[in-house]
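These are the residues of each chain, in order.
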Amino acid sequence: MANSKDPAATAAGDAVEKLYEYGDRLSESGDKSKNEADYIGIIAAAKGSSKAKQLAAQLIPRFFKYFPSLSAQAINAQLDLCEEDELGIRVQAIRGLPLLCKDTPEHVPKIGDVLGQLLLAEEGLERDAVSKALMSVLRQDTKASLTALFKHIENSDENIREKILVFVRERVFPLKRELLQPEAEMERHITDLIKKSLQDVTGAEFKMFMDFLKSLTLFNDKAPAERIQELLEIVEGQADLDAVFTITDVDHIDRLMSCLNMALPFYVRGASNSKFLNYINKHLLPVFDKLKEDKELELLKNLTESSPYTSAQDARNLLPSILQLLKKYVPRRKTGEELNYTFVECLLFTFHQLAHKTPNTTNSLCGYKIVTGQPSDRLGEDFKELFIDFTERLTVVEESAKATNRKLTQGMSEHNKAMSAAKTDAAKADVKAKKQSASIELRTCNNILTLAQPLHQKAPSFFGEKKIFTLSWKENLKPVTAPAVPSTGNKRAAPAVNGSGATAVKRARGNGVGSTQLVNRALAGLSRGTRPGGSRGGWRGGRSRGRGTW
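The protein chain carries the name Apoptosis inhibitor 5 in an unreviewed UniProt entry, which gives Sphagnum jensenii as its organism. Heading Sequence similarities (unreviewed entry) of the UniProt record for the protein chain holds this comment: "Belongs to the API5 family."

As structure tokens, this is what we get:
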């Protein structure tokens, strides 16, 4: 009977047998460098049959470290195997990649870069192999591996970039205590990598990175003020405070508002709010009435909560704008129009806090007679008309708030009756929402009365660090002590305010919205945009990711 064996199959089988021989000789050799021909044969097998390729994918990494002169050929052969059509070969080749840099750390950047690209794998088994290989490389040399991955976040193809961001968020960040060692050096390294990658991020990505940075020991509760200032400067960079402000640039305004709210916790920890306040005073307050109403309220609430941390110099600069805005929303005579009580509460509280920092500034603004012994007291000048104007406006708002309080109190009785009569969950929820809204408005009116009352005096005592005050949209919380706030030339103590009032960055309840909620809401669908001529129309960079706008 004729021999029916396929010559090609025979040759392939012989090639596999040769591979086993190469492997055996290399394993048994005391001086493997003398077996270079065997290793060359293994590399060549990467272009052989399916079985040869699978075996080569195991042998190339196993003996890689013994042949540095062949490293480029070996790496290229292994990477070719990672792109094979057959899943089993690809998975075997991927599993071998960490061995290519286990004893040769100079190859970590290359292997980390390749594994980052391979995260695009569609097959579950292959994705799992890539993820495990990448974690192995990260544990071998975290610094070089992270650098390679973050280069993709900075500049890579959009799909690769997204896969790496997911990997970093889900696999790297949770293991920061294990991977970032030595801690001080590696936390600084990853901080620098993140700061570089923030040139082009979505709002959600920015929040993810900021949350991670805040979790590092480098920026913990014991961190010095300059590190907290560093975090704030990152937020300031995203707010694009050096860009030309245009009232029609809705995306920039949305991003600015979100960054303002994200910055609040850093003021509490001692960072300076000077840059944000100066920007607001120069660009936003002059066109305040052109903002959308929800942005007006968001801006005022942020100013209110950040005002206790303002330096004396910034308070002097900001007070005239706040007073002018207050007069806009509090008429000198009754007009019959309903006042915006939340706006008035914000402005009165901010006025108190700023005036507490620089009390004699109010002499020329409101006609007060506050004596500090400084020439800026201007006691010899007549500001009587200003005092009359201001106190008449205060009287108008007080009378209006009292009248509204009476209506709301009466309405509460009606809401209680409606709640008792409600039969369905929907009806009860509706009544509850109305009661909640009325309760917040009552608190707002009561706060206005509390804030306005001392301002009728010729030399009022402004609410500052010793005054516990709860803003209407905040929870009732215990007071906390604020850190020192730097002023011009020297450091001075900032007011200690209650966390539920001006400065606490806590989630609010009811109809009020806490700053954390504002940030989360605004960041939920933010996209990366363009920056024509240096003015951004979204987040930084040129990628439009189809995730909505700020």
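That shown, we press on.
(A) Focus on the overall build of the protein chain. From N to C terminus, the protein chain includes 22 helices and 2 strands. The buried share among the 550 residues of the protein chain stands at 51%. Once local pairs closer than 6 in sequence are excluded, the contacts in the protein chain between residues at least 24 apart make up 68%. Carbon together with sulfur atoms contributes 50% to the accessible area of the protein chain, which is approximately 25500 Å² in total.

(B) Examining the nonpolar core more closely. Judged by nonpolar contacts, the single largest core of 147 residues is most densely connected at Y39, L115, F209, F276 and F351. With residues up to four places along the chain from it excluded, the contact list for L115 reads I94, L97, V130, A133, L134 and V137.

(C) Highlighting the packing of helix α8 (residues 142–155) against helix α9 (residues 158–172). The interhelical angle for the contact between α8 and α9, taken along N-to-C directions, is 135 degrees, at an axis separation of 8 Å. By the criterion of interaxial angle, the relationship of α8 to α9 is oblique. Crossing of α8 over α9 shows left-handed handedness. Listed contacts from α9 to L146, L149, F150, H152 and I153 of α8 are I160, R161, I164, L165, F167, V168 and V172. Residues of the contact of α8 with α9, tallied by class, amount to 10 nonpolar, 1 polar and 1 charged.

(D) Up close: the pattern of salt bridges. One pass over the full model with this rule turns up 29 salt bridges. The salt bridge partner of E185 is K143, with a shortest N-O separation of 3.3 Å. On the criterion of sequence distance, the pair formed by E185 in helix α11 (residues 183–197) and K143 in helix α8 is long-range, its members being 42 residues apart. Among the salt bridges present, the one from R378 reaches E381, with a minimum N-O distance of 2.8 Å. Residue class for R378 comes out partly exposed when judged on its relative accessible area of 35%. Residue E381 is classed as partly exposed on the basis of its relative accessible area of 35%. Taken together, the salt bridges that share partners define one network made up of K327, R332, R333, D389, E392 and R393.

(E) A look at the packing of aromatic side chains. For the coordinates displayed, the defined rule picks out 15 aromatic pairs. Ring geometry for F349 against F469: centres 5.4 Å apart, planes inclined by 35 degrees, an arrangement best described as tilted. Taken together, the residues F349 in helix α18 (residues 341–357) and F469 in the loop between α21 (425–452) and β1 (484–486) connect sequence positions 120 residues apart. Considering the side-chain rings of Y368 and F387, the 5.9 Å spacing of their centres and the 70 degrees angle between planes classify their relative orientation as edge-to-face. With Y368 in the loop between α19 (361–366) and α20 (384–421) and F387 in helix α20, the pair connects residues that are 19 residues apart, well separated along the chain. Of the two residues, Y368 and F387, both sit in the buried class. Aromatic rings pair up to connect F351, Y368, F387, F390 and F462 into one cluster.

(F) Geometry of unusual backbone geometry. For the bond from Q181 to P182, the omega torsion is -5 degrees, close enough to zero to count as cis. Locating P182 in the fold gives a position in the loop between α10 (176–179) and α11. With phi around 55 degrees, R378 is a residue other than glycine that occupies positive phi space. Its place among the elements puts R378 in the loop between α19 and α20.

(G) Inspection of the packing of helix α15 (residues 274–284) against helix α17 (residues 312–329) at higher detail. Packing of α15 against α17 leaves a shortest axis separation of 10 Å and a crossing angle of 25 degrees. In terms of axis orientation, α15 runs roughly parallel to α17. In this structure, α15 crosses over α17, and the sense of that crossing is left-handed. Packed against α15, whose contacting residues are S274, L277, N278 and N281, the element α17 presents D314, N317, L318 and S321 at the interface. Here the residues of the contact of α15 with α17 are counted per class, giving 2 nonpolar, 5 polar and 1 charged.

So, how was this worked out
- Here the residue numbers are simple positions, counted from 1 along each chain's written sequence.
- Where local features are concerned, this predicted model is filtered to residues with pLDDT of at least 70; where side-chain atom pairs are given and counted, the filter is 80 or more; whole-chain, interface and lining totals use all residues.
- Note: side-chain values were computed over all heavy atoms of the structure, leaving out hydrogens and water.
- UniProt positions are given in the numbering used here, feature names are shortened, and annotations may be inferred rather than shown by experiment.
- Think of it this way: any DSSP run of H or I at least four residues long counts as a helix, any run of E at least two long counts as a strand, and we number them from the N terminus.
- Residue exposure (1.4 Å probe, protein chains only): buried if accessible area is under 20% of the type maximum, exposed if over 50%, otherwise partly exposed.
- In what follows, residue pairs with any heavy atoms lying within 4.5 Å of each other are defined as contacts.
- Computed with a 1.4 Å probe, the accessible areas rest on the Shrake-Rupley method; for each residue, only the protein chains presented here act as cover.
- For the purposes of this section, nonpolar cores are sets of buried Ala, Val, Leu, Ile, Met, Phe, Trp, Tyr and Cys residues that join through side-chain atoms within 4.5 Å.
- Note on geometry: axes are lines fitted to C-alpha atoms, helical ones only across the stretch in contact, with angles between N-to-C directions running from 0 to 180 degrees.
- Angular relationships are summarised with four words: roughly parallel below 35 degrees, roughly antiparallel beyond 145, roughly perpendicular across 65 to 115, and oblique for the angles in between.
- Left-handed describes a crossing whose near helix is turned anticlockwise from the far helix by less than a right angle; the clockwise case is right-handed.
- As a working rule, the residues Ala, Val, Leu, Ile, Met, Phe, Trp, Tyr, Cys and Pro are called nonpolar, Asp, Glu, Lys and Arg charged, and the rest polar, with Gly in that last group.
- A carboxyl oxygen of Asp or Glu within 4 Å of a side-chain nitrogen of Lys or Arg is what we treat as a salt bridge.
- The criterion for an aromatic pair is that two Phe, Tyr or Trp rings (for Trp, the six-membered ring) have centres within 6.5 Å, with stacked assigned to planes under 30 degrees apart, edge-to-face to planes over 60 apart and tilted to the rest.

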